[in-house]
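# Observations on chain architecture
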Amino acid sequence: MSAPLRRVAERTPPGRDRHIDLLRAVAIVLVVLGHWLAVVVTYRGRIGGDTVLAFVPWARPLTWLFQVMPVFFLVGGFAGAASLGSYRRRGGDAIGWFLCRTDRLIRPTTAFLLALGGGALITLLLGADPATVGMGVWLACLPLWFLIAYVTVVLLTPVLLALHRRAGLAVPAVFAVAVAFGDAARLLSGPGVIGAANYLLAWAAVYQLGIAWREGALSARPRVAVPMIVGGLGALVLLTVPGPYPVSMVTDPGARLQNTSPPTLALLALAVAQTGVALLLHERGGRMLRRTRPWTVVVAANSVIMTVFLWHMTAVVIAVLALYVTGLLPQPPPGSAAWLLLRVPWLAFLTATLAVLVAVFARFERRAFKRRAFERRAFERRAFERRGGPRPAPGPGRAGASTFAATMAGAGLVVAGLLGTALTGAEGLSAPRLPVHFAVFFAVYFAGAALLWAARSWHRRVTS
C-alpha cells in the first residue's frame, strides 16, 4: 500500500464511522462481480449476449447476494446526513454542501463520458457497424442508471433530513407505500409514469433509512437489526415465491415485472434485510478497522470507487472484443461445467483490464477528493479566523440567488443528460441517429457540468 494512502488513513478523524466506508467498498465490489458473472457473450459473425438468468434459472436466488445497490444508497444517506450536518456547523449552506459533495461524482463521470464519446466517434469514423457501437456504448453506460438516482437524492438531502427530523421512520414507510402503488399501477397496466416514479421513490426510501441510522432512529443493536433481517427476508420470500414479483433482484428476461427497472417493493424488502445486516455487523466492522492495515485498504478502495464503478462495464466491452471476436475464448453452453470454469479466465482478464482503466482515469476522482479536502480545510480556517463565530451563509442576495439558480439548472441538466445517454437501447441505434443522439445528450450533460463548475466558483467567492 502506498505511503500517501497510509498517511491519509492515519489522519482519519476519530469520530468517523469507518464501518460505513467498508460497506461502500464491499457493495461496489459485489456489484462489479455480479455484473461480470452475469454476462453471457455470443459471437457468431455478430456480437450478441444476454444475462445468465436466461439460461440458468437456478441462479435467480443468488441475485439476493449480489444485488447490493441498496447498501450503497443506505451508506449514501448516512454519509450525506453526517457531512451536511458537519458542513452546516462550520457555517456552510446546503448549496455549498451539494456542490462540494457532487464534485467527486461529476469529475470522473465527465472524464468517462468524454473518453467514451471520443472512442465511439473514432470507431464510427473508421467504419464500424453503428448498431454494434451502440450496443457497446449502451453496455458501458449501464452504471449511469445508478448515478441518475444518486445525484437526485443527494440534491434532496436537506429536504429528506428535515423530513426525518419531523416524522422519523414514517418517511421511508410513506415512500414504501408509494412504491407499492407504483407497482400496482404496473401490474394492472396503469399509467406508466406512476410506476416510473419508483426510480426515485424506492431509492429515496433506502437513502432515508441511512439518514435514520445516522440520526439515531435505527440503532446498531441486535434488537433492532435481527427483526429487520427476519422481517425483510420474510417479506421478500412472500413477495417473490407465491407473490407477484420475480425471484431475481436483477433484470430477468423471462419475467413480466422487473425488480430494478424501476425498483419494486420486493427490492425494498431486500434493502430492509441488508440494513439489518449492516447494523448487526457495525460493532465488529468498527473493531476490525481500528487496525491500520485493513483501514488503509478500505481508504484505498474508496479513493477510486467511482472510477471502478463507472468503468467496470467498459472492461466488459474490451474483453468481448479481445476474447470473443478473436476466438480466444470458447463458447460452451451457458451454465455448463465448461462455461463455469471459463469464468475464471474471464474474471482475470476483466480484473486486469479494469486495473489499467483505473490507473489511467482514477486521477480525476482523486483530484476531486484532494480538492474537496483542501476546500474543507480552507473553509475551517476561515471560520476559525473570523471573529464572532462562523460567517452566515449567503442570503437571497444577487450572488446567492445566481449560485442557487446555476446549481439547480446544472443538476437538472446533468441528470437529463445522463438519462438520455442511458436510454440508448441494447439493440443500438441506426447510423444517422447514433451520433446525433449522443451529441445531444452529451452536450446537455456537459452544459450541466459546466454550470455546476461555475456555481462552485461563484459560491467560493461569495463565502470567502
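Oppositely charged side chains are able to pair whenever their charged atoms sit close together. One pass over the structure, following the stated rule, counts nine salt bridges. Arg104 is paired through a salt bridge with Glu365; the nearest N and O atoms lie 3.1 Å apart. Separated by 261 residues along the polypeptide, Arg104 in helix 5 (residues 94-125) and Glu365 in helix 17 (residues 337-385) bring together distant segments of the chain. Residue Arg104 shares its accessibility class with Glu365, and that shared class is buried. The partner of Arg186 in a salt bridge is Asp183, with the nearest N and O atoms 3.8 Å apart.

Glancing now at the environment of Ser261. Here Ser261 shows up in the loop between helix 12 (222-240) and helix 13 (265-280). Since its relative accessible area comes to 33%, Ser261 is described here as partly exposed. Along the chain, Ser261 and Gly195 lie 66 residues apart, while their C-alpha atoms are 9.4 Å from each other. Apart from residues lying up to four places away in sequence, Ser261 is in contact with Arg186, Tyr199 and Thr251.

Before going further, it helps to spend a moment on the packing of aromatic side chains. The relation between two aromatic rings is expressed through the spacing of the ring centres and the mutual angle of the planes. The final tally for this structure, using the stated rule, is 16 aromatic pairs. Taking the centre distance of 5.5 Å and the plane angle of 75° together, the rings of Phe73 and Phe146 count as edge-to-face. On the criterion of sequence distance, the pair formed by Phe73 in helix 4 (residues 69-89) and Phe146 in helix 7 (residues 144-155) is long-range, its members being 73 residues apart. Each member of the pair, Phe73 together with Phe146, is buried. Centre to centre, the rings of Phe146 and Phe309 are 5.0 Å apart; their planes meet at 80°, and the pair counts as edge-to-face. Within this pair, whereas Phe146 is found in helix 7, its partner Phe309 is found in helix 16 (residues 305-325), the two being separated by 163 residues in sequence. Of the two residues, Phe146 and Phe309, neither departs from the other in class, the shared state being buried.

All right, on to a nonpolar patch on the surface then. A cluster of nonpolar side chains, Val226, Val230, Val277, Leu280 and Leu281, forms an exposed patch at the surface whose accessible area comes to about 380 Å². Put simply, the parts of the chain that give the nonpolar patch at least two residues each are helix 12 and helix 13. If you trace the backbone, Leu281 turns up in the loop between helix 13 and helix 14 (282-288). When its relative accessible area of 37% is taken as the criterion, Leu281 is described as partly exposed.

Of all hydrophobic cores here, the largest spans 111 residues; its most connected members are Tyr150, Trp213, Val316 and Trp346. At 13 residues, the largest contribution of residues to this core is made by helix 16. Aside from chain neighbours lying at most four places away, what touches Trp346 is Trp36, Val39, Val41, Val316, Ala319, Val320, Leu323, Tyr324 and Leu329. Counting residues in hydrophobic clusters, the runner-up holds eight residues, among them Leu5, Ala9, Leu22 and Ala300.

Relative to the helices and strands, Asn259 is located in the loop between helix 12 and helix 13. What makes Asn259 buried here is its relative accessible area of 0%. Polar side-chain contacts of Asn259 include one of 2.7 Å to the backbone oxygen of Ser248. Polar contacts involving the side chain of Asn259 include one to the side chain of Thr264, which spans 2.7 Å. When sequence neighbours within four positions are dropped, the list of residues in contact with Asn259 reads Tyr245, Pro246, Ser248, Met249, Thr264, Ala266 and Leu267.

Once that is clear, we can look at unusual backbone geometry. Residues Ser261 and Pro262 are joined by a peptide bond in cis, for which omega reads 0°. Mapped onto the elements, Pro262 comes out in the loop between helix 12 and helix 13.

With that settled, the discussion passes to the packing of helix 5 against helix 16. Closest axis-to-axis distance for the helix 5/helix 16 pair is 9 Å, and the angle between their directions is 25°. Judged on the interaxial angle alone, helix 16 and helix 5 are roughly parallel. Where helix 5 crosses over helix 16, the handedness of that crossing is right-handed. Along the contact surface, helix 5 presents Arg104, Leu105, Pro108, Thr109, Ala111, Phe112 and Ala115, while helix 16 presents Met306, Thr307, Leu310, Trp311 and Thr314.

As a further point, take the packing of helix 8 (residues 157-167) against helix 9 (residues 170-187). Between helix 8 and helix 9, the least distance of the axes is 8 Å, while the angle of their chain directions is 110°. Comparing their axes, helix 9 and helix 8 come out roughly perpendicular. Taking contact as the criterion, the partners of Leu160, Leu163, His164 and Ala167 in helix 8 are, on helix 9, Ala170, Val171 and Phe175.

Calculation criteria
- Residues numbered from 1 in each chain as written.
- Predicted model: local features only at pLDDT ≥ 70, side-chain atom pairs only at ≥ 80, totals over all residues.
- Heavy atoms only, no water.
- Salt bridge = Lys/Arg side-chain N within 4 Å of Asp/Glu carboxyl O.
- Helix = DSSP H or I, 4+ residues; strand = E, 2+ residues; numbered from the N terminus.
- Buried < 20%, exposed > 50% of the residue type's maximum accessible area, 1.4 Å probe, protein only.
- Contact = heavy atoms within 4.5 Å.
- Phe/Tyr/Trp six-rings, centres within 6.5 Å; stacked < 30°, edge-to-face > 60°.
- Patch = residues over 30% accessible without salt bridge, like charges linked within 9 Å, V, L, I, M, F, W, Y side chains within 5 Å.
- Areas by Shrake-Rupley, 256 points an atom, 1.4 Å probe, with all protein chains shown as cover.
- Core = buried A, V, L, I, M, F, W, Y, C linked by side-chain atoms within 4.5 Å.
- Polar contact = N/O pair within 3.5 Å; in protein donor to acceptor, adjacent residues only side chain to side chain.
- Axes fitted to C-alpha atoms, helices over the stretch in contact; angles between N-to-C directions.
- Parallel < 35°, antiparallel > 145°, perpendicular 65-115°, else oblique.
- Left-handed = near helix turned anticlockwise from the far one by under 90°.

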